[in-house]
Amino acid sequence: MEYSMETAATVVGWARTYALIGFCVAAVFLFWGIERIAHGARGSWVFRPLLIPGVVLIWPIVLWRWASLEFGWDDWRGRYSPARKLPGMMWAALAILIPVIFFGALVLRQNGPLERPAVLLEPPAGEAR
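The residue numbers shown here count from 1 along each chain, following its written sequence. Only residues with pLDDT of 70 or above have their local features reported here, since the model is predicted, and side-chain atom pairs are shown and tallied only from 80 upward, although totals for entire chains, interfaces and linings are computed over all residues. The side-chain quantities take in all heavy atoms of the structure and omit both hydrogens and water.

**A closer look at the pattern of salt bridges**
- Note on definitions: salt bridges are taken to be side-chain nitrogens of Lys or Arg within 4 Å of carboxyl oxygens of Asp or Glu. Under the definition given, this model contains two salt bridges.
- Between arginine 48 and glutamate 35 there is a salt bridge whose closest N-O contact spans 3.1 Å. Of this pair, arginine 48 sits in helix α2 (residues 48-57) while glutamate 35 sits in helix α1 (residues 5-37); the two residues are 13 residues apart in sequence, bridging distant segments of the chain.
- Buried means the residue's accessible area, taken with a 1.4 Å probe over protein chains only, is under 20% of the maximum for its type, while exposed means over 50%, and partly exposed covers the values in between. A relative accessible area of 3% places arginine 48 in the buried class.
- Classification of glutamate 35 by relative accessible area gives partly exposed; the value is 22%.
- Between glutamate 70 and arginine 36 there is a salt bridge whose closest N-O contact spans 2.8 Å. A residue pair is termed long-range when its members are at least 10 positions apart, and glutamate 70 in helix α3 (residues 59-70) and arginine 36 in helix α1 qualify at 34 residues.
- Note on glutamate 70: relative accessible area 31%, which makes it partly exposed.
- Arginine 36 sits in the partly exposed class, given a relative accessible area of 38%. Helix and strand labels come from DSSP, where a helix needs a run of H or I of at least four residues and a strand needs a run of E of at least two; each type is numbered from the N terminus.

Structure below.
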């Protein structure tokens, strides 16, 4: 099969159209839509430019998910429950565990040359220095 310049131009044209639609969806979604479906994103404008490449690439999925949440086809708010106790318990465990490990290492460390006398290392016999 032989590829021609028209085929390459067609593929580039489709990619350009896909990217242009993706940028339009990203602009609308990141300025208006994200606040409607992700309440944690309200007032946080700094991270939104980081989402632009991802939204441009997967804009059909973003549109489908946004529409399903807007029109109530999928009510995720009822089943979404973030773990709020686990991070606090992990920080408490780390606050106890890190000092225990540190002081345990201080207690169990070797005292260096006091336990065993130093040994003078010599080159093997027959080798000159």
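**Some thoughts on the packing of α1 against α3**
- Every angle, taken between N-to-C directions, lies between 0 and 180 degrees, and every axis is a line fitted to C-alpha atoms, over only the stretch in contact when it is a helix. Two elements in contact, α1 and α3, have axes whose closest approach is 10 Å; the angle formed by their N-to-C orientations is 30°. Classified by the interaxial angle, the pair formed by α1 and α3 is roughly parallel. The way α1 lies across α3 gives a crossing that is left-handed. Residue-level contacts link Tyr18, Ile21, Gly22, Val25, Val28, Phe29, Trp32, Gly33, Arg36 and Ile37 of α1 to Trp59, Pro60, Val62, Leu63, Trp66, Leu69 and Glu70 of α3.
- Its residues assigned to classes, the contact of α1 with α3 shows 13 nonpolar, two polar and two charged. For classification purposes, an angle smaller than 35 degrees is called roughly parallel, one larger than 145 roughly antiparallel, one from 65 to 115 roughly perpendicular, and anything else oblique. The handedness criterion is simple: a crossing whose near helix is rotated anticlockwise from the far helix by less than a right angle is left-handed, and one whose near helix is rotated clockwise is right-handed. The criterion used for residue contact is that any of the two residues' heavy atoms lie within 4.5 Å. Only Asp, Glu, Lys and Arg are considered charged in this grouping, and only Ala, Val, Leu, Ile, Met, Phe, Trp, Tyr, Cys and Pro are considered nonpolar; every other residue, Gly among them, is considered polar.

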